[in-house]
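As a plain string of letters, each chain reads:
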Amino acid sequence: AQSVSQHNHHVILSEAASLELGCNYSYGGTVNLFWYVQYPGQHLQLLLKYFSGDPLVKGIKGFEAEFIKSKFSFNLRKPSVQWSDTAEYFCAVNAWEYGNKLVFGAGTILRVKS
Amino acid sequence: EAGVAQSPRYKIIEKRQSVAFWCNPISGHATLYWYQQILGQGPKLLIQFQNNGVVDDSQLPKDRFSAERLKGVDSTLKIQPAKLEDSAVYLCASINPGQMNTEAFFGQGTRLTVV
């Protein structure tokens, strides 16, 4: 079965620190990759997405992610986090050939200390 | 364009009672998903519809959960009877499967508390 793994469940950083959240998936074919963010008390919002082309994708609020096909990975990065980035981050994957089933990782809770 | 609409936003029920959630996807989106998100966990796919047909319901607890999308547009998810462990946010999402490179759009969810 398709699965998505996020390496860290809780991450605590100070403001201005760099962020990297890991995501690995188990699909073997062509995939679409997403990072969603959920701020406290709010609904899921799309942070960025990868379908094809340049494996380095840029999203909102200074986030970026790199797709490395050989490692089945799609890690999220931000050079300098802010207190307002405190949220839960979810990696998600779907594949056309798997009927567009959209599978989420368990999430990473990021807390940024001011 | 209007987003995915869900109602109610919040629901508190006692265990063994029944509850229903409603979702209206984005117009033209043939694929509709229901997810369960328990506090501290990622969204778990309960059921996926393509128009009014079920594509995947492998993780739907069918002894107590049911879902339908009779006309291929809006959908309802029902729990009967509810258990304490059903306390979660129930998310609805939709996608246009006719476009290969597109994302799913989510509603704001229904927060269910079973007491």
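Residues numbered from 1 in each chain as written. Chains lettered and ligands numbered in written order. Predicted model: local features only at pLDDT ≥ 70, side-chain atom pairs only at ≥ 80, totals over all residues. Heavy atoms only, no water.

> Sorry if this is basic, but what is going on with the overall build of chain A here?
Assigned secondary structure in chain A consists of zero helices and 12 strands. The globule rule puts the C-alpha radius of gyration for 114 residues at 13 Å, and the 14 Å found for chain A is close to it. Seen along its three principal axes, the alpha-carbon backbone of chain A occupies a region of about 45 × 30 × 20 Å. Here chain A holds 114 residues, and 49% of them are scored as buried. For chain A, contacts bridging at least 24 residues in sequence account for 56% of all contacts bridging at least 6. (Helix = DSSP H or I, 4+ residues; strand = E, 2+ residues; numbered from the N terminus. Rg over C-alpha atoms; globule rule 2.2 N^0.38 Å. Buried < 20%, exposed > 50% of the residue type's maximum accessible area, 1.4 Å probe, protein only. Contact = heavy atoms within 4.5 Å.)

> Help me understand the overall build of chain B in this model?
Within chain B, the regular secondary structure consists of zero helices and 11 strands. Shown N-terminal to C-terminal, the secondary structure of chain B runs as helices and strands in the order β-β-β-β-β-β-β-β-β-β-β. In terms of C-alpha radius of gyration, chain B reaches 13 Å, essentially the compact-globule figure of 13 Å for 115 residues. Based on the C-alpha atoms only, the size of chain B along its principal axes is roughly 40 × 25 × 25 Å. A separation threshold of at least 6 residues defines the contact pool for chain B, and within that pool the share at least 24 residues apart is 52%.

> Would you explain the sheet that holds strand β3 (residues 19-24) of chain B in this entry?
In a beta sheet, neighbouring strands pair by backbone hydrogen bonds and run either parallel or antiparallel. Residue and element names in this part refer to chain B. One open sheet accounts for four strands, arranged β1-β3-β8-β7; its pairing is antiparallel. Of all the strands in the sheet, just β1 (5-7) and β7 (65-68) have a single pairing partner and so form its edges. Each adjacent strand pair in this sheet contributes to an overall mean axis angle of 15°, direction not counted. Alignment of β1 against β3, held across three bridges, turns out to be antiparallel. Each bridged residue has a counterpart across the sheet, and for A5 the counterpart in β3 is N24. (Pairing = 2+ DSSP bridges. Axes fitted to C-alpha atoms, helices over the stretch in contact; angles between N-to-C directions.)

> Is there a simple way to explain unusual backbone geometry in this structure?
Glycine aside, residues mostly have negative phi, and peptide bonds are mostly found in the trans state. A cis amide bond links S7 of chain B to the next residue, P8 of chain B, at an omega of -10°. Mapped onto the fold, P8 of chain B is located in the loop between β1 and β2 (10-13). Residue P81 of chain B follows Q80 of chain B across a cis peptide bond; omega there is -5°. Notably, F72 of chain A is not glycine yet its phi reads approximately 50°, a positive angle.

> Got a minute to help me understand the environment of G72 of chain B in this structure?
Residues and elements named next belong to chain B. With respect to the element layout, G72 can be found in the loop between β7 and β8 (75-79). G72 gets classed as buried once you look at its relative accessible area, which sits at 16%. Sequence separation between G72 and S7 is 65 residues, and the spatial gap between their C-alpha atoms is 18 Å. For G72, the contacting residues outside a window of four places in its chain are N51 and N52.

> I keep staring at the side chain of T110 of chain B and nothing clicks. Help me out?
Counting through the fold element by element, T110 of chain B comes out in strand β11 (residues 110-114). You can call T110 of chain B buried: its relative accessible area is 0%.

> Would you mind showing me how to read the layout of surface pockets here?
Over the atoms a probe the size of a water molecule is rolled, and this reveals where empty space is left. By volume, the largest pocket is sized at about 610 Å³. Residue lining of the largest pocket: 27 residues in total, with Q38, G41 and Q42 of chain A together with L39 and R111 of chain B positioned closest to the centre. Every element with two or more residues in the lining of the largest pocket is listed here: β10 (87-94) and β12 (108-113) of chain A together with β9 (88-95) and β11 of chain B. Split by residue class, the lining of the largest pocket holds 12 nonpolar, 12 polar and three charged. At three residues, the largest contribution of residues to the lining of the second largest pocket is made by strand β5 (residues 44-50) of chain B. Split by residue class, the lining of the second largest pocket holds 10 nonpolar, nine polar and four charged. (1 Å grid on protein atoms, 1.4 Å probe; cavity = no way out; pocket = protein on both sides within 12 Å on 5 of 7 lines; lining within 4 Å. Points joined across faces, edges and corners; volume = space filled by probe spheres on them. Nonpolar A, V, L, I, M, F, W, Y, C, P; charged D, E, K, R; others polar.)

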